[in-house]
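# Report on the structure
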Amino acid sequence: QVQLVESGGGLVQAGDSLRLSCAASGDTDSMYAMGWFRQVPGKEQKFVAAISGNGRRPYVAEFGKGRFTISRDNAKNTVYLQMSSLKPEDTAVYICAAREAYSGSVYTTNNEYPIWGQGTQVTVSA
């Protein structure tokens, strides 16, 4: 099993960009599909983006299309979430998740992921 550590969050202004990273350590010989979710206190966790284990199938939630890009560098055991044109409503804790998967599938619901990081805070000021 892998452990996940997110980084790259911070305080930015509306319209700015951020790149979040999710570094995996541990059992990195296995293939993992990865996902990003976000959490606002008092609200339901929301799916942001996912990518297949081989990186060939990125998928971004509708609200992020055209602004968010998910990618991975398997040599570095890292998944990225590039976010641009950020809005105040993007403010949340962004959390990455993993599930062992050898197919090209992507997973978009949080109950499909057994492994979670701690999250990184993204705050977008108006």
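Here the structure is shown first, and the text comes after it.
Positions within a chain are numbered from 1, following the residues in the order the chain's sequence is written. Residue-level local features of this predicted model are given only where pLDDT is at least 70; pairs of side-chain atoms are given and counted only at 80 or more, and the full residue set underlies all totals for whole chains, interfaces and linings. As a rule here, side-chain values cover all heavy atoms of the structure and leave hydrogens and water aside.

## Observations concerning the layout of surface pockets
Short version of the rule: Only protein atoms enter the calculation, which uses a 1 Å grid: trapped sets of points that fit a 1.4 Å probe without letting it out are cavities, open sets showing protein on both sides within 12 Å along at least five of seven lines are pockets, and any residue with an atom within 4 Å of a point is a lining residue. Grid points are joined across faces, edges and corners, and a volume is the space filled by probe spheres set on the points. Starting at the N terminus, helices and strands are each numbered in turn, a helix being any DSSP run of H or I of at least four residues and a strand any DSSP run of E of at least two. Residue polarity is assigned by list, with Asp, Glu, Lys and Arg as charged and Ala, Val, Leu, Ile, Met, Phe, Trp, Tyr, Cys and Pro as nonpolar; anything else, Gly included, falls into the polar class.
Volume-wise, the largest pocket comes out at about 170 Å³. Considering the residues around the largest pocket, the lining is formed by 15 residues, among which S30, Y32, R72, N74 and N77 are closest to the centre. Mapped by element, the contributors of at least two residues to the lining of the largest pocket are β3 (18-26), β4 (32-39), β7 (68-73) and β8 (78-83). In terms of residue class, the lining of the largest pocket is built from seven nonpolar, six polar and two charged.

## Re the state of the cysteines
In a disulfide, the sulfur atoms of two cysteines are covalently bonded to one another. Operational definition: The rule for a disulfide is simple: a pair of cysteine sulfur atoms within 2.5 Å.
Evaluated as defined, the whole model comprises one disulfide. Two residues, C22 and C96, share a disulfide whose sulfurs are 1.9 Å apart. With the S-S dihedral at roughly 50°, the linkage between C22 and C96 falls on the right-handed side. Highlighted residues: C22 in strand β3 and C96 in strand β9 (residues 92-100), separated in sequence by 74 residues.

Everything listed here is a matter of geometry and, on its own, says nothing about what the molecule does.
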